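Residues per chain are reported as follows:
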Amino acid sequence: MFLLSLLASQAQLGIRTGFVTPVSRVYYHRGPLISEPTVYVIWYGNWQQTNRTDNAAGQQIVRDFLNAIGGSPYFAINTSYSINSNVITGNVSFGGETTDTGSQGKKLNDLTLVRVITNAIVSGALPRDANGVYFVLSSSDVYELSGFCSRYCGFHRNTKILGSDIKYAFVGNPARCIRACAPQLSGPNGNAAVDGMVSIIAHELSEATTDPDATGWYDLAHYENADKCAWTYGHHQYRAANGAWANMGWDYFDGGGSFLYHRDFMIQRNTVRVFTKSGLQVNYCATSYDTATGKFDQ
Ligand SMILES: [Zn+2]
């Protein structure tokens, strides 16, 4: 009995670990998937503040995450949604970034948000890419009146811009509502808000890849793969150097291959799609997936 409770407490190590039992299954709705997304970032608002979150160091956390997520065991979860000739490779490119210091004001709505993306493409600041996912990342002094901080922490959608089906996402800086949109009050990279933001970016990127036009993968309640595991961080958490909880990390090297630094991240789980021996599809919340063996970590 003692041993049992000890094991149980070890399995509970961390915050918001989440369940390990199967989640309800997701279905394919015959629409396109993105085989290999390219991420574009539009920094919206003022990312040069002295509030210790909307600053250059915060932007670098996002860049480093976007440069590491492609090919990772984490993003490989999305490869389990490959079906027929629609293959999701697990790779992601970070295609570039631009800044909009506030062309649509500090109070965005869903229409002016699209204008931000349209402007970035029409001006040539970012290429027009139907395999792209355009992230508008707003600074903490920007509102999104359709419900950032009250109804959602981020969302993704698609729209036509210059004749292309453009996939985009909005993710605001959770410093506006740290308890609602971040899992902890200190982050593994010392910026609780932006550390929370990258987890939401990961969530939206997975969904934009597996359900880009709302005709891909989702369950009977219309939950997409990342929705089903939102705000759970799994059972392999550890303390980052500063004591914050983390569940994955990468080393960074310069162009010559010399070690620069290590970063830890606390990224919410995503649903993996696997099969029983008898061929039945089952879905679990996971933090990683091994495409070679079909094994996953929860
Ligand atoms: Zn979602």
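Residues numbered from 1 in each chain as written. Predicted model: local features only at pLDDT ≥ 70, side-chain atom pairs only at ≥ 80, totals over all residues. Heavy atoms only, no water.

Caption draft 1: Inspection of the pattern of salt bridges at higher detail. In this structure the tally under the stated criterion is six salt bridges. Salt-bridge contacts for D141 lead to K106; the nearest nitrogen and oxygen are separated by 2.7 Å. Taken as a pair, D141 in the loop between β5 (132-138) and β6 (143-144) and K106 in the loop between β3 (93-100) and β4 (107-108) lie far apart in primary sequence, 35 residues in all. (Salt bridge = Lys/Arg side-chain N within 4 Å of Asp/Glu carboxyl O. Helix = DSSP H or I, 4+ residues; strand = E, 2+ residues; numbered from the N terminus.)

Caption draft 2: Summary view of the coordination of the zinc ion. Binding of the zinc ion to the protein goes through H203 (NE2), E207 (OE), E207 (OE) and D227 (OD), at separations of 1.9 to 2.4 Å. Around the zinc ion, the four donor atoms are arranged such that angles at the metal cover 55 to 125°; this shape is classified as irregular. The motif formed by the donor residues of the zinc ion, counted along the single chain, is H-x3-E-x19-D. One end of the pair, E207, is in helix α5 (residues 192-210); the other, D227, is in the loop between β9 (217-219) and β10 (238-239), and 20 residues separate them in sequence. Take D227: its relative accessible area is 26%, and that puts it in the partly exposed class. (Donors = N, O, S within 2.8 Å, 3.2 Å for Na, K, Ca; no water. Tetrahedral: all angles 85-135°; square planar, octahedral: opposite > 155°, others 65-115°. Buried < 20%, exposed > 50% of the residue type's maximum accessible area, 1.4 Å probe, protein only.)

Caption draft 3: Looking closely at the side chain of T271. Along the chain, T271 falls in strand β14 (residues 270-275). A polar side-chain atom of T271 sits 2.7 Å from the main-chain carbonyl oxygen of N225. Setting aside chain neighbours within four positions, we find T271 in contact with V23, I77, Y81, N225, K228, C229, N283, Y284 and C285. (Polar contact = N/O pair within 3.5 Å; in protein donor to acceptor, adjacent residues only side chain to side chain. Contact = heavy atoms within 4.5 Å.)

Caption draft 4: How the structure looks around the state of the cysteines. The tally for this structure, following the rule as stated, stands at three disulfides. Two residues, C229 and C285, share a disulfide whose sulfurs are 2.1 Å apart. Its torsion about the S-S bond being -90°, the disulfide of C229 and C285 is classed as left-handed. Of the two residues, C229 sits in the loop between β9 and β10 while C285 sits in strand β15 (residues 281-286), which places them 56 residues apart along the sequence. The exposure class of C285 is buried, given its relative accessible area of 0%. What links to what in the protein: the bonded cysteines, counted in sequence order, pair as 1-3, 2-4, 5-6. (Disulfide = S-S within 2.5 Å.)

Caption draft 5: Here's a closer look at the pairing of strand β7 (residues 154-161). Examined bridge by bridge, β7 and strand β8 (residues 164-172) share eight bridges and lie antiparallel to one another. From the neighbouring strand, N158 faces β8, where its bridge partner is K167. Between the antiparallel neighbours β7 and β8 lie two residues, among them L162 with a positive phi of about 50°. (Pairing = 2+ DSSP bridges.)

Caption draft 6: How the structure looks around the packing of aromatic side chains. Per the stated rule, a full pass over the model turns up 14 aromatic pairs. Arranged with centres 5.9 Å apart and planes meeting at 55°, the rings of F65 and W250 form a pair that is tilted. In this pair, F65 is assigned in helix α2 (residues 56-69) and W250 in strand β12 (residues 248-253), connecting sequence segments 185 residues apart. Relative accessible area serves as the criterion here: at 1%, F65 is assigned to the buried category. Arranged with centres 5.5 Å apart and planes meeting at 80°, the rings of F148 and F170 form a pair that is edge-to-face. Placement of the pair is F148 in the loop between β6 and β7 and F170 in strand β8, with a sequence separation of 22 residues. Both residues of the pair, F148 and F170, count as buried. Grouped by ring-pair contacts, the aromatic residues F148, Y152, F155 and F170 constitute a single cluster. (Phe/Tyr/Trp six-rings, centres within 6.5 Å; stacked < 30°, edge-to-face > 60°.)

Caption draft 7: A look at the nonpolar core. Core analysis: the biggest nonpolar cluster contains 64 residues, and I117, F135, L137 and F265 have the highest contact counts within it. Per-element tally for this core: the top contributor is α5, with eight residues. In this view, F135 contacts V39, Y40, V41, I42, A169, V171, I201, E204 and L205; residues no more than four positions away in its chain are not counted. By size, the runner-up hydrophobic cluster in this structure holds seven residues, among which are V26, Y28, Y81 and W217. (Core = buried A, V, L, I, M, F, W, Y, C linked by side-chain atoms within 4.5 Å.)

Caption draft 8: A look at the packing of α2 against α5. As a packed pair, α2 and α5 sit with axes 10 Å apart at the nearest point and diverge in direction by 35°. Of the two possible hands of crossing, α2 and α5 adopt the one that is right-handed. Side by side, α2 and α5 meet where G58, I61, V62, F65, L66 and I69 of the first sit next to V194, D195, V198, I201, A202 and L205 of the second. (Axes fitted to C-alpha atoms, helices over the stretch in contact; angles between N-to-C directions. Left-handed = near helix turned anticlockwise from the far one by under 90°.)

Caption draft 9: Representation of the pairing of β12. Only one face of β12 is covered, namely the one carrying M248, W250 and Y252; the face carrying G249, D251 and F253 has none of its residues buried. Two strands pair when backbone bridges link them, and β12 and strand β13 (residues 259-265) are joined in this way by six bridges, in the antiparallel orientation. Bridge pairing links F253 to F259 in β13. Count of turn residues in the β12/β13 antiparallel hairpin: five residues, of which G257 carries a positive phi of about 90°.

Caption draft 10: Broad picture of the sheet that holds β7. Read across the open sheet, the five strands follow the order β3-β2-β5-β8-β7; overall the sheet is mixed. One side of each edge strand has no neighbouring strand; the edge strands of this open sheet are β3 and β7. Between one strand axis and the next, the sheet turns by 25° as a mean value, whatever way the strands run. Along the sheet face, α2 touches β2 (38-44), β3 and β5 and points at about 170° away from the line of β2.

No statement about biological role is implied by the geometric values presented.
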